[in-house]
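Secondary and tertiary structure notes
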Amino acid sequence: MVARKGAVKVHHFAHHSERDGSTCTSPGETALHKFAKNILDERLEIALPEMVVENSDDREVVVQPTKIAFEAAVLEARVETVVPDVVLELRDRKFIVEFKVTHACDEVKIARIRSMNVGAIEIDLSAYRERPLDELAEEILYNAPRIWLHNPRETDARARLAERARKRAEARQEEIGKYSAKYRHRRPVSGEGGGVCESAVRRDGLGALINLDIDGAGCFTVPVAEWQAATILELLAHGHTPFRTRNGLSGLKRRGWIHREFRAVPDDIAIGLKEAGIPFASPLGAVEAYLRQLVHLGFLHPARSEIWRPTYSMLQKVEQAKDLRARPTRRLAEIREIVTKQLDGLPDEETSSFVFETWVDTVLTGRTLSIAELLQNDEAEWISLCDDIANVRTNIRFSPRADIDLLGLPCAGELARAIESKRLEAKKRVRREREAEQEAAASRIKQLRDRVSRDIGDHAPTWLSTPIAASGGLLPLDAAATAEGFTAAIRALDQRVRELELEERGRRHKEKAVGDLEALARSRYYNPDHATLWMRSSRRELGGKSPAEFTINDATRDQCEALLPPKRSLR
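Here we summarise the structure given alongside this text. (Residues numbered from 1 in each chain as written. Predicted model: local features only at pLDDT ≥ 70, side-chain atom pairs only at ≥ 80, totals over all residues. Heavy atoms only, no water.)

**Concerning the overall build of the protein**
To be explicit about the condition: Each helix corresponds to a stretch of at least 4 residues labelled H or I by DSSP, and each strand to a stretch of at least 2 residues labelled E; elements are numbered beginning at the N terminus. Values of the radius of gyration come from C-alpha atoms, whereas the globule rule sets the reference at 2.2 Å times the count of residues to the power 0.38. Only protein chains enter the accessibility calculation, which uses a 1.4 Å probe; a residue is then buried when its area is under 20% of its type maximum, exposed when over 50%, and partly exposed in between.
Along its length, the protein carries 23 helices and 14 strands. Relative to the 2.2 N^0.38 estimate, which gives 25 Å for 571 residues, the radius of gyration of the protein is 58 Å and therefore markedly larger than a compact globule would have. In terms of overall dimensions, the protein has C-alpha extents of about 165 × 105 × 40 Å along its principal axes. The 571 residues of the protein split such that 37% are buried.

**Description of the nonpolar core**
For clarity, the cut-off: Put simply, buried Ala, Val, Leu, Ile, Met, Phe, Trp, Tyr and Cys residues joined by side-chain atoms within 4.5 Å make one nonpolar core. Any two residues having at least one pair of non-hydrogen atoms within 4.5 Å are treated as being in contact.
Counting 34 residues, the largest nonpolar core has Ile 46, Leu 88, Val 97, Phe 99 and Leu 125 as its most contacted members. Those residues within four positions of Phe 99 in sequence are excluded, and the remaining contacts are His 33, Ala 36, Lys 37, Leu 40, Asp 85, Val 86, Ile 123, Leu 125 and Ile 140. Counting residues in each nonpolar core, the second largest holds 33 residues, with Leu 206, Val 224, Tyr 290 and Val 318 among its members.

**Description of the sheet that holds strand 7 (residues 72-75)**
Strand pairs in the sheet, formed through backbone hydrogen bonds, run parallel or antiparallel to each other. Stated precisely, the cut-off is as follows: Note on pairing: two strands pair once DSSP finds at least 2 bridges between them. Working convention: axes come from line fits to C-alpha atoms, limited for helices to the stretch in contact. Angles between N-to-C directions cover 0 to 180 degrees.
Read from one edge to the other, the open sheet built from five strands follows the order 7-8-9-10-11, with strand pairing classed as mixed. The sheet is open, and its two borders are formed by strand 7 and strand 11 (146-150), each paired with just one other strand. Taken pair by pair, the neighbouring strands of this sheet meet at an average axis angle of 25°, ignoring direction. Contacts from helix 2 (residues 31-43) reach strand 7, strand 8 (86-90) and strand 9 (93-100), with the element oriented near 155° to strand 9. Running over the sheet, helix 3 (residues 107-116) touches strand 9, strand 10 (119-124) and strand 11 and is turned about 60° from strand 11.

**Details of the packing of helix 17 (residues 412-456) against helix 20 (residues 483-524)**
Using the following cut-off: Any angle that falls under 35 degrees is termed roughly parallel, while one over 145 is termed roughly antiparallel, one within 65 to 115 roughly perpendicular, and all others oblique. Each residue gets one of three labels, nonpolar for Ala, Val, Leu, Ile, Met, Phe, Trp, Tyr, Cys and Pro, charged for Asp, Glu, Lys and Arg, and polar for the others, Gly among them.
The contact between helix 17 and helix 20 brings their axes to 11 Å, and the two run at 0°. With respect to helix 20, the element helix 17 is oriented roughly parallel. Contacts between helix 17 and helix 20 involve Arg 444, Gln 447, Leu 448, Arg 451, Val 452, Asp 455 and Ile 456 on the former and, on the latter, Ala 483, Phe 486, Ala 489, Ile 490, Leu 493, Asp 494, Val 497 and Leu 500. When the residues that make up the contact of helix 17 with helix 20 are grouped by side-chain class, the tally is 10 nonpolar, one polar and four charged.

**Quick notes on the sheet that holds strand 14 (residues 307-310)**
Here we have three strands laid out as an open sheet, ordered 12-14-13, and antiparallel in their pairing. Each edge of the open sheet is held by one strand with a lone partner, namely strand 12 (243-244) and strand 13 (300-303). In this structure, strand 12 lies alongside strand 14, joined through two bridges in antiparallel fashion. Across the sheet, Phe 243 pairs through a bridge with Trp 308, a residue of strand 14.

Laid out in structure tokens, this is it:
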């Protein structure tokens, strides 16, 4: 093996190649390789693959697939500068066969074979390496993949292809010159034309989609805007049926609008004219270019198989144009229906003098145009007007007020009745709210009274007669009449409950400490009466208080204990 470390291919190892093009196959030659050479030497017959040479859309078969029998075979013998696997001989001709088992012939060997101008093929046996050799004879000779390394007849075949290509190019250039002399390009014209199709398309609001500059427009006998308008009409007429480029072209053919000279322009001629700087396209190409321009403008969707579908935007424009023509009649019927619903249910004496036709021609209060004049106006403005008229009685019902705009409808009586009804309802509502508040106040007062009785018991009368500072000095029950005062009263009650709990806790501590001190005093005096007298006598050390008064906890008890006789005393 030889390390290959070149600047082009990835570094790798390759078999050593001799000057004659042979590789190191002999020392490590596989059994399959040897078997293949031997079976060919034995049978002297082999299948040759097809050889085809091509140039653009032209081709020539150099060799048909066939089987050939030879007269002799020479194995691993030098032929000029190479050592082939097998050289087959038939009369005075030689044929080289190479076998690919682990690696193919390299470019050096192939180049030397070509320089010798000897026919040669390579048979690929790499997929048969795991197969038993006794099964491979037919595969080697006839079925295994094989390619041509060189065929002496290939050069002449390619020369013939090149000559035919040259002649075709000359003929094509001559045709391009003929078409170029006949073609006169049509460009869009300013202003509107009088064509039937153009007028129909403009009437549908699609004027911006026609009169576009398109290569190939000179193939048609009518102005640019007319044939483009006809294409749009064909597209719209298809509805939900797929519309193809050829459908558009068929419509123009049917109308006889394609110049006779350009009805069947070959594609390669059309391309040549374009390459020559002429704004040319075949009639089909012009229609396709026009449709693609509509895609660019956002009015078509392209699909597979040359199918085109109008976008929502285009269909909307068509519908808008139709709607514009039918708008006055439709709107008049629409507003009549709305007014009829508004007057339904009103007293006859209030509607008898109302005349719809007169109302339509009258300029409404606060507006500059009459209903009749608005029939062709902007859709948003019309919808707003219809909504206003349709909601006159709704506004009277849900929000009656004297300044409601009745828009000329005879609804003044209904408005007066609604305003009066609203006034009476408001009066009832105030009364209901007052009664509900009184009930709530009574409920809060009862709730507070019950809670006071439960939480502080005997202290309730005193607390209920004490004003609450947080509620402006009101007594608790008076404060509970409002939600805010109730909240303040509950907070004050909770505070009082905590105070009473602290007082009770202090009382129990004092009672225990005094009991403990009295028991200690009796243990220091023989006479219990002396102990009792000591407990109730004021002491200067205690600020003039008696031990019973001064003792409130363990600490004050200990102070008093220090004043007792240290030993038991008779006095």
